[in-house]
Amino acid sequence: MDDHQTQDLVKELVHRLLSAAGGSGGGRDAGGALRFAHRLLSSRLAPAVLPDEHALAESIKRRLAASGRPDDALAFADLHSKLSARSRPASLWPLLYLLDSLSSHRRAAAAASCLPNLPTAAPPRNATSAAPAGAGGKRAHGAAPGGVVLVSKDPDNIREIALREYTELVLDETEVSEAALVRDVLYACQGIDGRYVRYDKAGDAYDLPDGIRVPRSTRTLVRKLCELGRLFRKVRGFISDNISRSPSDAATEVGTVAQAFCSALQEELSDYYKLLAVLESYSLNPIPTPGSDSGVSGNYLSLRRLAVWLAEPAVRMHLMAVLVDGCRGLRGGAMAGAIHGHAQHGDPMFQEFMGRLLRRVCSPLFEMVRSWVLEGELEDVFAEFFIVGQPVKAESLWREGYLIQSDMLPAFISPVLAQRILRTGKSINFLRVCCDDSGWADAAAEAAAYVGTTTSRGGLGYGETDALEALVVEAAKRIDRHLMDVIHKRYRFKDHCLAIKRYLLLGQGDFVQYLMDVVGPELSEPANRISSFQLAGLLETAIRASNAQYDDRDILDRIKVKMMDHGDGDRGWDVFSLEYDARVPLDTVFTASVMKMYLKVFNFLWKLKRVDHSLTGVWKTMKPNCIVSSPFYKEGTSIRAQFVSVLRKCQVLFNEMNHVVTNFQYYIMFEVLEVSWARFSDEMDAAKDLDDLLLAHDKYLNSILEKALLGERSQGLLRNLFELFDIILQFRSHADRWFERIFELQLRLGHCKLRYCTSIVT
């Protein structure tokens with residue numbers, strides 16, 4: 001549509017309005033009215049109301065219906081719907097506002113003409129003084145007598161006219177004053193029902209009842225402002241549920257972290273209460289109306305000003321409500337981690353608020369970390385810490401005494417740092433309980449001084465993860481170093497490992513040989529006839545007869561005889577074993593399961609030594625000087641040939657058995673035990689903490705089991721090897737019986753020869 005068409009339409013509209021008002025529709029009055037319309041339409045005046053087309057259309061329909069013109073109201077509704085369908089997406093609000101304003105001024109002019117004795121409405125202030133020279137005091141052409149619309153270029157006058165029009169529009173549609181609504185909104189923001197605004201439990205919100213007539217925009221604004229009250233109720237309810245509890249109800253204690261969280265929320269609500277107190281003082285000043293004396297300045301509070309005041313508190317309250325919902329059912333480190341998850345935000349105000357909140361919330365958690373790392377104390381009454389302790393024996397303190405609860409580990413502490421924190425506190429408790437040592441206190445104080453903190457409470461907080469990690473790393477390094485010194489120097493860990501290798505793993509050759517010789521006859525008896533006390537005496541005899549007598553007495557006293565469980569057909573060889581008494585704190589490494597693995601290796605090596613010892617006994621019987629001295633060797637050709645043939649087969653079989661046993665024994669003693677010990681010795685010296693030492697020992701023992709064919713993957717080969725050992729032992733048994741038979745025949749033959757010689761002599 002071009003400018004000419006627009007001017008024609010405006011002109012036609014002015015003529016129709018003048019004709020409807022009873023004028024001629026032309027002449028001087030029409031020209032003045034047209035000029036007035038052009039100036040009004042070309043001005044940059046913006047109405048002081050929200051552009052809500054639907055609300056304005058509803059107001060016009062209600063006014064027409066209330067004035068007894070229902071047909072006009074229906075016609076207006078039909079025309080409005082048709083125009084809206086054709087003009088979309090453009091809005092008809094400016095046109096409706098113009099027509100409604102003109103209608104309002106016409107009604108005001110008609111009312112003024114019907115009451116001639118009343119004074120006309122005073123012109124707005126500054127209207128005359130602000131008018132150009134020569135124009136002051138004159139009415140606009142076409143204005144109704146006693147009218148209130150003045151044509152002026154003064155901005156103040158324009159604003160006051162717009163405010164007057166807006167006030168008339170609002171008063172027509174509202175039965176509740178804005179001051180009352182402001183007061184009720186302030187009550188709702190404190191969780192209190194007002195006169196009009198009340199809390200609806202079904203909808204979980206504050207709202208105006210449907211029966212109260214207010215503009216839709218006002219109702220929407222009130223609902224938006226009262227959302228702050230709903231959030232406030234949620235936050236206040238969380239605080240009440242977690243703090244206002246009976247002290248005797250220990251089962252429902254929420255813990256120190258939750259209490260710190262509630263305290264931080266309460267502090268934020270205190271600032272919120274202060275703001276509401278200020279806003280209530282502002283609300284006591286009356287809201288100025290157009291034309292009133294107090295319209296120029298003054299502290300007053302409207303719904304829109306209240307929206308500006310409550311914008312930032314609403315953001316904080318919404319965040320607190322989100323945190324409250326996310327923390328329900330959580331405690332301790334899990335709660336701190338959940339709050340930390342909401343702190344990753346780019347808004348500086350958001351970050352500052354969350355940082356202030358998290359410093360309060362995480363304070364108990366960081367105090368637990370400090371107490372655990374520097375003092376070894378687990379001050380966790382409400383099970384909030386990510387490290388949990390459980391009552392165990394001293395030998396299981398390191399492995400099972402303290403564990404990490406992954407669900408209580410907050411996200412700002414990495415799993416690696418958590419493991420280091422766990423080990424540092426475990427080291428302190430291990431030194432205190434198992435080693436009866438107090439040197440860790442000096443190491444902890446040195447670590448705290450090195451990183452610039454103290455061993456007293458405080459000094460760590462949220463956002464200081466680097467300082468926390470530096471403290472943990474330094475404390476762990478110093479305390480672990482002290483622990484390694486105690487283990488190696490005071491308790492001589494390496495000497496005990498070497499003693500186990502020499503006696504349980506049969507590395508002391510002369511001792512093993514003497515032990516085989518002295519206990520062999522006893523172990524050949526049935527197991528139920530053997531006395532453990534007698535075997536202990538024989539063990540002491542073997543120690544005194546070998547170089548083992550020169551070892552430390554503390555080590556020798558730990559070597560003991562152990563008889564395993566046995567059945568009716570077992571012999572002493574099947575149930576005899578040695579054990580090593582590893583006392584506190586060495587039993588942390590040499591646990592019952594570890595000693596059972598050592599016993600498994602000892603039984604295997606003991607059987608291998610027994611087979612080797614048996615083959616040595618066969619050799620003593622079959623060596624050449626014993627064969628030559630045999631009477632069968634000196635008999636006739638046929639007997640001698642048979643005797644020599646059998647001996648040759650036995651010697652060939654002995655050589656094959658001896659070759660297998662000797663090479664396998666060499667492999668076990670040198671390729672398995674010695675190589676594994678050399679690697680373990682290096683790792684033992686390089687271990688920086690007890691975990692490294694335990695790992696090195698486990699690798700050492702597992703290496704022996706796997707290479708000695710005692711692992712799970714070598715069970716089939718091990719069974720074949722044991723069958724071979726049984727065959728060798730059977731060979732020794734058959735050889736012994738055969739030579740015993742030969743010896744008996746030799747004695748019988750000698751006795752017969754003696755009787756023959758005696759008969760000759762006599």
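Residues numbered from 1 in each chain as written. Predicted model: local features only at pLDDT ≥ 70, side-chain atom pairs only at ≥ 80, totals over all residues. Heavy atoms only, no water.

Participant: Just to check I follow, could you spell out the overall build of the chain for this structure?
Facilitator: Secondary structure assignment for the chain yields 28 helices and six strands. Within the chain, the fraction of its 762 residues that count as buried is 40%. Taking all contacts inside the chain whose residues are at least 6 apart in sequence as the whole, residues at least 24 apart take part in 71%. Here the chain has roughly 41400 Å² of accessible surface; of this, 54% comes from carbon and sulfur atoms. (Helix = DSSP H or I, 4+ residues; strand = E, 2+ residues; numbered from the N terminus. Buried < 20%, exposed > 50% of the residue type's maximum accessible area, 1.4 Å probe, protein only. Contact = heavy atoms within 4.5 Å. Areas by Shrake-Rupley, 256 points an atom, 1.4 Å probe, with all protein chains shown as cover.)

Participant: Can you walk me through the packing of helix α14 (residues 363-375) against helix α16 (residues 415-433) in this structure?
Facilitator: Packed helices, taken two at a time, are described by their axes: the angle between them and the distance between them. Contact geometry for α14 and α16: axes closest at 7 Å, N-to-C directions at 45 degrees. The orientation of α14 with respect to α16, classified from their angle, is oblique. Residue-level contacts link Val-369, Trp-372, Val-373, Leu-374 and Glu-375 of α14 to Ile-421, Leu-422, Thr-424, Gly-425, Lys-426, Ile-428, Asn-429 and Arg-432 of α16. (Axes fitted to C-alpha atoms, helices over the stretch in contact; angles between N-to-C directions. Parallel < 35°, antiparallel > 145°, perpendicular 65-115°, else oblique.)

Participant: Looking at this structure, I do not really get a nonpolar patch on the surface. What am I missing?
Facilitator: A contiguous nonpolar surface patch, about 290 Å² in accessible area, is contributed by Leu-13, Leu-17, Leu-95 and Leu-99. Along the polypeptide, Leu-95 turns up in helix α5 (residues 93-114). Look at Leu-95 and you get partly exposed, because its relative accessible area is 41%. (Patch = residues over 30% accessible without salt bridge, like charges linked within 9 Å, V, L, I, M, F, W, Y side chains within 5 Å. Salt bridge = Lys/Arg side-chain N within 4 Å of Asp/Glu carboxyl O.)

Participant: Please clarify how the environment of Leu-34 should be interpreted in this entry.
Facilitator: As for its position among the elements, Leu-34 is in helix α2 (residues 27-42). For the pair Leu-34 and Leu-13, spaced 21 residues apart in sequence, the C-alpha separation works out to 9.3 Å. Look past the residues within four positions of Leu-34 in its chain and what remains in contact with it is Val-10, Lys-11 and Val-14.

Participant: Whenever I open this one, unusual backbone geometry confuses me. Can you help?
Facilitator: Most peptide bonds take the trans form, and the phi angle of most residues other than glycine is negative. Here the amide bond leading from Val-584 into Pro-585 is cis, since omega sits at 0 degrees, within 30 degrees of zero. The backbone of Asp-436 shows a phi angle near 50 degrees, a positive value even though the residue is not glycine. Structurally, the position occupied by Asp-436 is in the loop between α16 and α17 (440-451). For Asp-436, a relative accessible area of 63% puts it in the exposed group. Phi is positive for Arg-492, which is not a glycine, with a value near 50 degrees. By the element assignment, Arg-492 lies in the loop between α18 (465-490) and α19 (493-504).

Participant: Help me out: how do you make sense of the pairing of strand β6 (residues 576-580) in this one?
Facilitator: Across a regular strand the side chains alternate sides, sitting on one face of the sheet and then on the other. A large share of β6 lies buried, amounting to four of its five residues. Bridge analysis of strand β5 (residues 559-563) against β6 gives five bridges, and the strand direction is antiparallel. Bridge pairing in β6 links Met-563 to Phe-576. (Pairing = 2+ DSSP bridges.)

Participant: I keep staring at the packing of helix α7 (residues 178-189) against helix α8 (residues 216-243) and nothing clicks. Help me out?
Facilitator: Running from amino to carboxyl end, α7 crosses α8 at an angle of 25 degrees, the nearest separation of the two axes being 7 Å. Classified by the angle between their axes, α7 and α8 sit roughly parallel to one another. Judged by residue contacts, Leu-181, Val-185, Ala-188 and Cys-189 of α7 engage Thr-218, Val-222, Leu-225, Cys-226, Leu-228, Gly-229 and Phe-232 from α8. The class makeup of the residues in the contact of α7 with α8 is nine nonpolar, two polar and no charged. (Nonpolar A, V, L, I, M, F, W, Y, C, P; charged D, E, K, R; others polar.)

Participant: I keep staring at the environment of Tyr-187 and nothing clicks. Help me out?
Facilitator: Position of Tyr-187 relative to the elements: it lies in helix α7. Residues Tyr-187 and Cys-226, 39 residues apart in the sequence, show an inter-C-alpha distance of 9.2 Å. Sequence-distant contacts of Tyr-187, that is, excluding residues within four places in its chain, are made with Ile-192 and Gly-194.

Participant: What should I look at first to understand the state of the cysteines in this one?
Facilitator: Each disulfide consists of one covalent bond between the sulfur atoms belonging to two cysteines. Applying the stated rule across the entire model yields zero disulfides. Counting only cysteine sulfurs, Cys-189 is the nearest neighbor of Cys-226, a cysteine outside any disulfide, at a range of 6.2 Å. We note that Cys-434 lacks a disulfide partner, and the nearest cysteine sulfur, in Cys-435, lies 6.2 Å from it. The class for Cys-434 is buried, based on a relative accessible area of 6%. (Disulfide = S-S within 2.5 Å.)

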